[in-house]
Amino acid sequence: MTRRKFICGNWKMFKTGAEAAQLVRELRTRLSESGVQIAIAPPFTALESAHAALAGSHLQLYAQNCHFEKQGAFTGEIAAPMLEAISCHGVILGHSERRTLFAEDDALVNKKLRAVLDTRLAAIVCIGETLSEREANRTWEVVSRQVRGALSGISSEQLSRITLAYEPVWAIGTGRNATAAQAQEVHAQIRGLVRELYSAPAADAMRIQYGGSVKPENAAELLGQPDVDGALVGGASLKADDFARIIAGAKLTI
Ligand code: PGA
């Protein structure tokens, strides 16, 4: 089974609308149509200008979070149907910064995922252990709990709209990426769990991105691993050249 590589840039809380449009224009001059699926995830306030700037390109638009209700008295929140209405393709859920800084747990991530899948949107669901969990040999205990929690009650039909992103927390924004072998080991375990929870075809089709200090220098090696199907890129996605070089690295592996 060949899984199409999927690279998503997570812009976090960077870029105004005007800056986002500028970065999209820069990206468009550097990216050619390829076998790689490419998305960017700007902040909410930059989604519409990014969408206008990427019109006619093959770049997809993702949001970085959403609420689990369709609407209501939830001051400061954004609902999945609102993202659908402004032409988002999908939503990133359960990023470690949401889990750590905004107290999102597995049950909340699951509620959000169900809400997203009630629309036509896709989801990237992030999982990953902290440094102390890795050092205590609890990586698989934590990651498997997060995968099971996120996917609870999700049908195999819905699974095709989900990408999992393994992001070891100790590798995010630190410049210290997981080695290709470390990433491959956990990705293979995650695929095995999807096989156990669903089926062999579902596991074969599931895309599992790696995230955490992905850079032009390490992209090809990480993406060359058999179970690494793409990357969720933070810091390096804010520079058009670096992001384009990471995508070029992904192309080398297909
Ligand atoms: P990083 O972030 O590439 O800056 O390490 C990755 C992420 O948080 O998704």
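Owing to the predicted nature of the structure, the values given are computational and were not obtained by experimental measurement.

> Can you help me understand the pairing of strand β1 (residues 6-10) in this one?
Along a regular strand, successive side chains alternate from one face of the sheet to the other. Among the five residues that make up β1, five are buried, leaving the element largely enclosed by the rest of the structure. Side-chain alternation along β1 places F6, C8 and N10 on one buried face and I7 and G9 on a second face that is also buried. One ladder, built from five bridges, connects β1 with strand β2 (residues 37-41); its direction is parallel. In the strand pairing of β2, N10 is matched with A41. Examined bridge by bridge, β1 and strand β8 (residues 230-233) share four bridges and lie parallel to one another. The residue of β8 that forms the bridge with I7 is A231.

> Mind showing me how you'd approach the site of the ligand here?
In the neighbourhood of the ligand, 13 residues make up the surrounding shell, with K12, H95, E167, G173 and S213 lying closest. Between S213 and the ligand, the recorded distance is 2.8 Å, taken from a backbone N or O atom to an oxygen atom. Relative to its free-state accessible area of 280 Å², the ligand is covered by the protein chains to the extent of 95%. In a pocket analysis with a 2 Å cut-off to the grid points, the ligand is assigned to the second largest pocket. Classifying every residue of the shell around the ligand by side-chain character gives four nonpolar, seven polar and two charged.

> Got a minute to help me understand the packing of aromatic side chains in this structure?
The geometry of an aromatic ring pair is captured by two quantities: the separation of the ring centres and the angle between the planes. The full count for this structure, using the stated rule, is two aromatic pairs. Summarising the aromatic geometry, the rings of F6 and Y62 are spaced 5.8 Å apart at their centres and angled 50 degrees between planes, so their arrangement reads as tilted. Placement of the pair is F6 in strand β1 and Y62 in strand β3 (residues 60-63), with a sequence separation of 56 residues. Overall, F6 belongs to the buried group, its relative accessible area being 0%. In this structure, R98 is placed above the aromatic ring of F102, and the distance from its NZ or CZ to the ring centre is 4.2 Å. Over the aromatic face of F68 sits the side chain of K111, whose NZ or CZ is 4.2 Å from the ring centroid.

> Explanation requested: the nonpolar core in the structure shown.
Across soluble globular proteins, you tend to see nonpolar side chains buried next to one another. I7, I40, L113, I162, L164, I190 and Y210 are the most contacted members of the largest nonpolar core, which has 70 residues in total. Ranked by residues supplied to this core, first place goes to helix α12 (residues 240-252) with six residues. Setting aside residues up to four positions removed in sequence, Y210 forms contacts with Y166, P168, A171, N177, A178, A183, H187, L222, V228, G230, A231 and L232. Counting eleven residues, the second-largest nonpolar core is a separate cluster that includes C8, A39, A41 and A122.

> I'm lost on helix α1 (residues 17-30) in this one. Help?
Three- or four-residue spacings in an α-helix give side chains the same orientation, since the helix completes a turn every 3.6 residues. For α1, spanning 14 residues, the distance from its first C-alpha to its last is 20 Å, which sits close to the expected 20 Å at 1.5 Å a residue. For α1, the complete set of buried residues consists of G17, A20, A21, L23, V24 and L27. Buried positions in α1, seen along its axis, are confined to an arc of 165 degrees and lie on one side of it. Of the exposed residues in α1, the ones pointing more than 90 degrees away from its buried face are A18 and T29. Residues of α1 that are buried make contact with β2, α2 (47-53) and α12.

What counts, and where the lines are drawn
- Residues numbered from 1 in each chain as written.
- Predicted model: local features only at pLDDT ≥ 70, side-chain atom pairs only at ≥ 80, totals over all residues.
- Heavy atoms only, no water.
- Buried < 20%, exposed > 50% of the residue type's maximum accessible area, 1.4 Å probe, protein only.
- Helix = DSSP H or I, 4+ residues; strand = E, 2+ residues; numbered from the N terminus.
- Pairing = 2+ DSSP bridges.
- Near = heavy atom within 4 Å.
- Polar contact = N/O pair within 3.5 Å; in protein donor to acceptor, adjacent residues only side chain to side chain.
- Areas by Shrake-Rupley, 256 points an atom, 1.4 Å probe, with all protein chains shown as cover.
- 1 Å grid on protein atoms, 1.4 Å probe; cavity = no way out; pocket = protein on both sides within 12 Å on 5 of 7 lines; lining within 4 Å.
- Sits in = over half its atoms within 2 Å of the grid points.
- Nonpolar A, V, L, I, M, F, W, Y, C, P; charged D, E, K, R; others polar.
- Phe/Tyr/Trp six-rings, centres within 6.5 Å; stacked < 30°, edge-to-face > 60°.
- Lys NZ or Arg CZ within 6 Å of the ring centre and 35° of its normal.
- Core = buried A, V, L, I, M, F, W, Y, C linked by side-chain atoms within 4.5 Å.
- Contact = heavy atoms within 4.5 Å.
- Expected span 1.5 Å × (residues − 1).
- Arc of directions from axis to C-beta.

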